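Listed below are the residues making up each chain.
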Amino acid sequence: MSQFPDDGNGDMLQAMQDSGMDLTKSLDLDFYLVFPDRAKAEKALEAMTKLDQPGEVELNLNDLDQWELIVSLNMVPDHAVITAKEAELDKFAKKFSGHNDGWGVMQHQDGDDEFADDHDHECDDDCDHHHH
């Protein structure tokens, strides 16, 4: 039985928890806003920069050839907070003919990939990692 509401966000949070992520800590969550063309996406980017939102915003052409803004926010992955943030971003994107297209989390938070896993592996009692 999931401890999260039975919807897309709840499923995502459950999957994150199942993969061993600590959902009580702040993570960098990426919210995706998709726009019909580059000009609209750039206008939205400009408007968002002016809003002085915390976090980073990046313009990206995704695999479906859609222009998207990736809004990266460091926050505790709480269902209600995420749902509210999606609604707020969707409202913002609609001003530029765009829409909120879900969110995701980088499995490795920034910078992890440059290091060998051994350095940041947290061992618990059932860990079979052997330290020499």
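Residues numbered from 1 in each chain as written. Predicted model: local features only at pLDDT ≥ 70, side-chain atom pairs only at ≥ 80, totals over all residues. Heavy atoms only, no water.

Novice: Honestly, the packing of aromatic side chains in this entry has me stumped. Any pointers?
Specialist: Aromatic ring pairs are described here by two measures, namely the spacing of the ring centres and the angle between the planes. As enumerated under the stated definition, the model contains 1 aromatic pair in all. Ring centres 5.3 Å apart and planes at 55° place the aromatic pair Phe92 and Phe96 in the tilted group. Residue classification places Phe92 among the buried positions, given a relative accessible area of 8%. (Phe/Tyr/Trp six-rings, centres within 6.5 Å; stacked < 30°, edge-to-face > 60°. Buried < 20%, exposed > 50% of the residue type's maximum accessible area, 1.4 Å probe, protein only.)

Novice: Explanation requested: the pattern of salt bridges in the structure shown.
Specialist: Here the structure, examined in full by the defined rule, presents 6 salt bridges. The shortest N-O distance in the salt bridge between Asp37 and Lys40 comes to 3.9 Å. Since its relative accessible area comes to 29%, Asp37 is described here as partly exposed. One salt bridge in this structure joins Glu46 and Lys50, with 3.6 Å as the shortest N-O distance. Residue Glu46 and its partner Lys50 are both found in helix H2 (residues 38-51); the two are separated by 4 residues, about one turn of the helix. (Salt bridge = Lys/Arg side-chain N within 4 Å of Asp/Glu carboxyl O. Helix = DSSP H or I, 4+ residues; strand = E, 2+ residues; numbered from the N terminus.)

Novice: So what exactly am I meant to see when it comes to the nonpolar core here?
Specialist: The tendency in soluble globular proteins is for nonpolar side chains to be buried side by side. In terms of nonpolar packing, the biggest core is built from 25 residues, with Met16, Leu29, Phe31, Leu33 and Phe35 touching the most fellow members. Counting residues per element, the ones that place at least two in this core are helix H1 (8-18), strand S1 (27-35), H2, strand S3 (67-75), helix H3 (79-94) and strand S4 (99-105). For Phe31, the contacting residues outside a window of four places in its chain are Leu69, Ile70, Val71, Leu73, Met75, Ile82, Lys85, Glu86, Leu89, Gly102 and Trp103. (Core = buried A, V, L, I, M, F, W, Y, C linked by side-chain atoms within 4.5 Å. Contact = heavy atoms within 4.5 Å.)

Novice: How should I be thinking about unusual backbone geometry in this particular structure?
Specialist: Generally, phi is negative for residues other than glycine and the peptide bonds are trans, each holding for most cases. Positive phi outside glycine occurs at Asp65, with the angle close to 60°. Its location among the elements puts Asp65 in the loop between strand S2 (56-61) and S3. The residue Ser97 is not glycine, and still its phi comes out positive at about 60°. Examined against the element boundaries, Ser97 turns out to sit in the loop between H3 and S4. Owing to a relative accessible area of 44%, Ser97 belongs among the partly exposed residues under this scheme.

Novice: Looking at this structure, I do not really get the sheet that holds S1. What am I missing?
Specialist: Hydrogen bonds between backbone atoms are what pair the strands of a sheet, whose relative direction is either parallel or antiparallel. Reading across from one edge, S2-S3-S1-S4 is the order of the 4 strands in this open sheet, with antiparallel pairing throughout. Single-partner strands in this sheet number two, and they are S2 and S4. Across this sheet, the average inter-strand angle for adjacent strands is 25°, counted without regard to direction. Sheet topology places S1 next to S4; 5 bridges connect them, and they run antiparallel. Among the inter-strand pairings, Asp30 is bridged to a residue of S4, identified as Gly104. Where H2 meets the sheet, it contacts S1, S2 and S3, and its direction lies at approximately 25° from that of S3. Docked against the sheet, H3 engages S1, S3 and S4, running at close to 30° with respect to S1. (Pairing = 2+ DSSP bridges. Axes fitted to C-alpha atoms, helices over the stretch in contact; angles between N-to-C directions.)

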